[in-house]
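An overview of the molecular structure
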Amino acid sequence: MKYNIVLFGIKSTTNEIISTFKNDIDLVVTLSDKSVEKYHISGLDNVYDKALEHDIECHRTNDYSLKTDIDFFENNSFDIGLVYGWQRIIPQNILDKFKFGVYGFHGSPKFLPFGKGRSPMNWSLIKNYKEINNHLFKYNSKADDGEIYSITKFEINEYDTIDSLIIKSMITSKREFSKLIKDYRNNNITLREQPVDVEETFFDKRTPEDGKINLFDSTQDIYNLIRGVTKPFPGAFLFKNNSKVILWEAVPFDSILDFDGHKVGEIIKVMDNKFIMNLKDNTLLVKNYECTGKLKEGDILK
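Residues numbered from 1 in each chain as written. Predicted model: local features only at pLDDT ≥ 70, side-chain atom pairs only at ≥ 80, totals over all residues. Heavy atoms only, no water.

Describing the pairing of strand β7 (residues 131–138)
The element β7 is largely enclosed, with a buried count of six among its eight residues. Here six bridges tie strand β5 (residues 98–108) to β7, and the two strands are oriented antiparallel to one another. Paired with Gly104 across the bridge in β7 is Phe137. Judged from the seven bridges that link them, β7 and strand β8 (residues 148–155) form a sheet pairing that is antiparallel. Directly across from Asn134, in β8, lies its bridge partner Thr152. (Buried < 20%, exposed > 50% of the residue type's maximum accessible area, 1.4 Å probe, protein only. Helix = DSSP H or I, 4+ residues; strand = E, 2+ residues; numbered from the N terminus. Pairing = 2+ DSSP bridges.)

Encoded structure:
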């Protein structure tokens, strides 16, 4: 079977790409229902049903690495692959089956090869960077290592969360996929090497446990962590005794008002499903949170 355009993905963002390019995509590659339970995937969605909704053929794998799917790729032919919401390296012997290559995005706070690796936009917020360079690049067998098709830039402002960065990334990604598809159809894809004068660095993989807040960090650092791992990610958290308190939305509150009588981590005031918490150098207004039980003034979060 010949497939011209193939999309790899398993997330809600994958479904948005399907809806946008439903008339272009011939095949969607995604995970099977029974296999998704083996992986912690933020933003997971039912890609299979979305593909069927638009009458697009779907290949479901039990192996996120695709190593058990070699026969499928060997027995069919493919022109070009698009990747959105597939956070694994695709084996080189599968990449080689695509006549024009496989392409995906990597958003880094500087130009690649700086900031390769996992969760780059989360890290960009957490580390207080001010912009994202969204690279559309051709895959090879190494992480974020391929030739560049295009780079689009957008800001990280003081109000952004990971959710708003995902929206910005989606806007730029749709535009660039549209250009790439047009160039593919015209046999006019032009690539360039990643710059050699930029230091190669890698962001570490993040786990849900990395959302634990250190109350002796600065207010800015705590704010950045909260907005960097909020929904659709697992969230930043503290504990009241043995109960987890997830802080989904919070902003610095006031550094002038006198709260010297309160301990770091102490809840100063609770009101309208919000609370104010004392920090070492400021106070924090928590506007959206999740916990078992009820928080009250004087509670100490750790």
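Side note on the layout of surface pockets
Here the largest pocket defines a volume of roughly 940 Å³. Forming the boundary of the largest pocket are 39 residues, of which Gly85, Trp86, Gln87, Phe105 and Pro120 lie nearest the centre. Elements that contribute at least two residues to the lining of the largest pocket include exactly α1 (12–20), β5, α5 (120–126), β7 and α6 (162–185). There is about 390 Å³ of room inside the second largest pocket. Looking at the second largest pocket, it is lined by 20 residues, and the ones nearest its centre are His40, Ser42, Arg118, Ser119 and Arg206. Class assignment for the residues of the lining of the second largest pocket results in seven nonpolar, eight polar and five charged. (1 Å grid on protein atoms, 1.4 Å probe; cavity = no way out; pocket = protein on both sides within 12 Å on 5 of 7 lines; lining within 4 Å. Points joined across faces, edges and corners; volume = space filled by probe spheres on them. Nonpolar A, V, L, I, M, F, W, Y, C, P; charged D, E, K, R; others polar.)

With respect to the pattern of salt bridges
All told, the structure shown has 13 salt bridges when counted by the stated rule. With a closest N to O distance of 3.8 Å, Arg60 and Asp33 form a salt bridge. With Arg60 in strand β3 (residues 57–61) and Asp33 in the loop between β2 (27–31) and α2 (47–53), this residue pair connects regions lying 27 residues apart in the sequence. We note a salt bridge from Lys116 to Glu200, for which the minimum N-O separation is 2.7 Å. Placement of the pair is Lys116 in strand β6 (residues 116–117) and Glu200 in the loop between α6 and β9 (202–203), with a sequence separation of 84 residues. Within this structure, Lys116, Asp145 and Glu200 form a network of salt bridges that share partners. (Salt bridge = Lys/Arg side-chain N within 4 Å of Asp/Glu carboxyl O.)

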